[in-house]
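# Close look at the chain arrangement
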Amino acid sequence: MSDWKVGDYAEIEDLDFKVVAVLGEFLMVDEVHGYKAEACRKMETSECGRCHEQKPHARQERHSFGVYVGKMCDDCAYDGYRDHCGLEDGQGDPQDLDEDLEPEEYYEMGLDMVEYF
Ligand SMILES: [Zn+2]
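Let me sum up the structure you'll find in this document. Predicted model only: the values in this text are computed from it and were never measured. Positions within a chain are numbered from 1, following the residues in the order the chain's sequence is written. Confidence filtering applies because this is a predicted model: local features only for residues at pLDDT of at least 70, side-chain atom pairs given and counted only at 80 or more, and all residues used for totals across whole chains, interfaces and linings.

### Structural notes on the sheet that holds strand S4 (residues 26–28)
Rule in force here: Two strands qualify as a pair provided that DSSP identifies no fewer than 2 bridges between them. A run of H or I in DSSP becomes a helix once it reaches four residues, and a run of E becomes a strand once it reaches two; helices and strands are each numbered from the N terminus. The axes are straight lines fitted to the C-alpha atoms, using for helices just the contacting stretch, and the angles between their N-to-C directions are given from 0 to 180°.
The strand order across the open sheet formed by three strands is S3-S4-S5, and the pairing between neighbours is antiparallel. Each edge of the open sheet is held by one strand with a lone partner, namely strand S3 (21–23) and strand S5 (34–36). Neighbour to neighbour, the strand axes of the sheet diverge by 25° on average, direction disregarded. Alignment of S3 against S4, held across three bridges, turns out to be antiparallel. Each bridged residue has a counterpart across the sheet, and for Leu23 the counterpart in S4 is Phe26.

Structure below.
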């Protein structure tokens, strides 16, 4: 038996997804699609400095238009910045911006509280 539960993040090949249901030995991506749990790896999560949810990749450093904007999860990086922090088509071109490049706020945990060693 696995210890998978709803809300875990699973990784299989180059895909990662949030488990919405555990049906027998299958981890469900949505109501009709799932993967065998034994083929999936559980992803490490940590608290995102922006949305404060436990997310994978939450401690990845993000850049928008070439400017460091802090560490946050994929969703925050994607939704929060016009160039999606390069998650879609790469970094935005600073020449396309008509505003100041300085980010207003850094989203970052003050201390590495979740790293024990
Ligand atoms: Zn987030």
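Next, the rest of the story.
### Quick look at unusual backbone geometry
Quick note on the threshold: Residue burial here comes from a neighbour count, namely the number of other C-beta atoms, placed from the backbone, that lie within 10 Å of the residue's own C-beta, with 20 or more meaning buried, 12 or fewer meaning exposed, and in between meaning partly exposed.
Look at Phe65: it is not a glycine, yet its phi comes out positive at around 50°. Within the secondary structure, Phe65 sits in the loop between strand S9 (61–64) and strand S10 (67–71). Exposure remark for Phe65: the 20 C-beta atoms within 10 Å place this residue in the buried category. Phi angles above zero are rare outside glycine, and Cys85 is one such case at about 55°. Here Cys85 is to be found in the segment after helix H1 (74–80). For Cys85, a count of 25 C-beta atoms within 10 Å puts it in the buried group.

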